[in-house]
Structure formats: C-alpha cells, structure tokens
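Structure at a glance
If you want the building blocks of each chain, they are given just below.
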Amino acid sequence: MCGIVGVVKVKSDHQPLNGMILEHMTNSISHRGPNDMGAVGFVGKKILQIKDSQKKFETSKFDHGFGHRRLSILDLSSMGRQPMSDSAKMFWLTFNGEIYNYIEIREVLVRKGYFFRTQTDSEVILHSYMEWGVDCFKKFNGMWALAIYDRRQEKVILSRDRLGKKPLYFTFFKGNLLFASEVKALKRVPGLNLKPNKKKIINYAARHYRYVDNDEESFFEGISQVPKSSYMLISCNNNPQTHKYWNLETKVTEEKISDADAIQRFKELFIDSIRIRLRSDVPLALNLSGGLDSTSITCSAAKELGVNVRTFSGITGKGRFDESEYIDEVVNEIDAEHTYLYPEP
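This is a predicted model, so every value here is computed, not measured.

Let's shift gears to the overall build of the protein chain. Scanning the protein chain from terminus to terminus reveals eight helices and 18 strands. A compact globule built from 345 residues should have a C-alpha radius of gyration of about 20 Å, and the protein chain, at 22 Å, falls within 12% of that. Dimensions along the principal axes, computed over C-alpha positions, put the protein chain at roughly 65 × 55 × 50 Å. Buried positions account for 46% of the 345 residues belonging to the protein chain.

Here we take up helix α2 (residues 102-111). Taken together, the buried positions of α2 are occupied by Tyr102, Ile105, Arg106 and Leu109. Across the axial projection of α2, the buried residues extend over an arc of 105°, all falling on one side. Contacts made by the buried residues of α2 are with β8 (91-99) and α3 (121-132). Two residues or fewer past α2, glycine 113 is found with a positive phi of approximately 105°.

Turning next to the sheet that holds strand β16 (residues 286-287). Pairing within the open sheet is parallel, and its three strands lie in the order β16-β17-β18. Since the sheet does not close on itself, it has two edges, and those belong to β16 and β18 (337-341), each with one partner. Packing of helix α8 (residues 324-334) onto the sheet brings it into contact with β17 (310-314) and β18, and relative to β18 it is tilted by some 165°.

Most of strand β10 (residues 155-160) sits inside the fold, with six of its six residues counted as buried. Residues Lys155, Ile157 and Ser159 of β10 are buried on one face, and the alternating residues Val156, Leu158 and Arg160, pointing to the opposite face, are buried as well. Relative to β10, strand β9 (residues 142-150) runs antiparallel, the two being bridged by six bridges. In the strand pairing of β10, aspartate 150 is matched with lysine 155. In this antiparallel pair of consecutive strands, β9 and β10, the connection spans four residues, and glutamate 154 shows a positive phi of 55°. Pairing of β10 with strand β14 (residues 230-234), which is carried by four bridges, proceeds in the antiparallel orientation. Across the sheet, residue serine 159 finds its bridge partner in β14, namely tyrosine 231.

Turning our eyes to something else, we now look at the sheet that holds β14. Reading across from one edge, β7-β8-β9-β10-β14-β15 is the order of the six strands in this open sheet, with antiparallel pairing throughout. Two strands bound the open sheet, and with one partner strand each, they are β7 (84-85) and β15 (241-244). Relative to β8, β7 runs antiparallel, the two being bridged by two bridges. By the bridge assignment, methionine 84 is partnered in β8 with leucine 93. Its contacts with the sheet put α3 on β7, β8, β9 and β10, and the angle it makes with β8 is roughly 125°.

Here is what the cut-offs are and how they apply
- Residues numbered from 1 in each chain as written.
- Predicted model: local features only at pLDDT ≥ 70, side-chain atom pairs only at ≥ 80, totals over all residues.
- Heavy atoms only, no water.
- Helix = DSSP H or I, 4+ residues; strand = E, 2+ residues; numbered from the N terminus.
- Rg over C-alpha atoms; globule rule 2.2 N^0.38 Å.
- Buried < 20%, exposed > 50% of the residue type's maximum accessible area, 1.4 Å probe, protein only.
- Arc of directions from axis to C-beta.
- Contact = heavy atoms within 4.5 Å.
- Pairing = 2+ DSSP bridges.
- Axes fitted to C-alpha atoms, helices over the stretch in contact; angles between N-to-C directions.

By themselves, these figures tell us nothing about what the structure is for.
Encoded structure:
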C-alpha cells in the first residue's frame, strides 16, 4: 500500500499553491508508505523535485505537482522511488498498487525496444503508456490508483483499477484539481473547507456498508472518487473527461463444457491468480480467517505452488464468533508459521 497526492491546474487563471502544501499533503499519508517519499512540481518547463524527506520545497508555486509515499514491494532500491519519470522526463507517474502481470508486459516492451532501469512495475506502467497511451489500462491485471503527467500533450491522466480496489479522491479548488489516496491529505490544503455528506453517512451507518462504494460520492460534499474501471483526462481550460476502459463480460456462451472441464479451467485460473500475486521482493503473508476463500488461497499457495506460507488471523468475539477451530486445521495441514491477533474493541 502506497499513497499518492497531486495538484493539477485546470484553469489558466488558477491560484498556484505553495510547494510546501504538496509536501504536507504527501506526509499526511506517511502511514501508507513508510519506506520512502518523493514529490515533484512543474512550473512551465521547470521541474522541482524532493528526493527524500530531508530536502524541502522552497516557497515555489507550481502549475502541477505530484507526491508519493512508498511501501517498497518490488525493487527495494532508490531507483524505484516515485514520482518516477522516463529518461527524457517527459512522462511522470505517481502510483499506488501493484500490476501483477508486469513481467509479461515488460517482456513485450523489451522486444519493442524499451530499456528498463529498474525492476519495478511502476516503470512498466510508464513505458506502457508511452507505447499504447490510455489503452495500456486494458492490458493491466492488478489493482491501482495512479496519475500520469504527459508533458508532451500537457495533460494529466488519473486511473483506477477495474473494481476500484485502490482509492482515489479528488476535488476542485481555486482553479486546481486536487487528488489523493485519502481525504485527510486534502484537508491539509488551507482554505479548503470540508463539509459532511450527510446522505452518504446515513446510508452507511443506518443501511448497509454496500452503499459506500455504489457511486462516486464520498463522506464529504464536493469530494468524489475517480470511477472504478475508468480513467480521467485533465487539461487546462477543458472539463475533465471520464472514459470507461473495462466492463465485465456478461454474454451467454453456447459452448458445451463438462463439469470436470469447468472445474479444471476454474482451478487453472485460480492458481494462476494466486501465483502472480505472490511476486514480491519482500516476505509475504496471508490473512487466514478460517473461511472458504482464505482457506482455498492459503492451501493452494502451499500445496500447488510450494510456498512456505506464513499466516495471520485476527480473532474477535472469542467463544461466539470464533473460527480458530478451522484456522488450526488449515495451519496444521500445511505446517504454516502462524500468528494469532486478538484486537480489543
């Protein structure tokens, strides 16, 4: 989990924000990325960068700016720091999430002549956009919230994964579009007064949690989410345009398939989805609830893929809503290194 923030000029007569505001926005979500931070601001053709927490922006004002807090998963070196650019510094990225099929896409791009300086999925995103433009989002298997600044075309692209697993909030303020992984980053902008969205809060508190993510509204008036499975094109003096790049296929097939073949096909897809999610340069663990889903994933990782599994389980309502009996069965079956957690109310 990383954290991203940004400021984008959407009106030519906008009020430029002080660079320190971008830094404050970035650091307000440091819990999302404790390993590294970076920020970049753009004033015309000039680029201002922060490369570590010791270097501060001056009182410079800018047209656009990106910030990033990093949780290092792939390529732990400083080469993986964001915001990241191509070698010519014409395309810039701030990205939260993981592209699971980045190795396969990277191989295609290498054959097309692209050179990679890092082992990150972030650089794969950059080169994918350079090669395919916004069609690159159709090729990604993963979860993401990201922003790309295309300096050649003077536009910013915000994008979110197919099911909206990664959050990306935005609002408009004094001729600027502000975006962030969490609303608390937007609260760091002086003069941006946030009011509660009472209808949204009531739907969540009094009805059901499913009303939280059924639209693009947030718990605050005037703050929206980038729609899932979509990207937004933002350029100065033009209304942002939202485009959907993916829809769940619901067509009926006439293909005849036996139960055995259907089970085998599902198993292959299931195992492959686990395999590509285990790509990491740091140790991984699995959340094991004792239910069907997490048990299937955990046992498949251990038995089908031969992974030495480490598991964690949070037990609440012990003696009443306690599934440790089933958790213990799984842990013993695969000889997992296991940790129980007992959160208090």
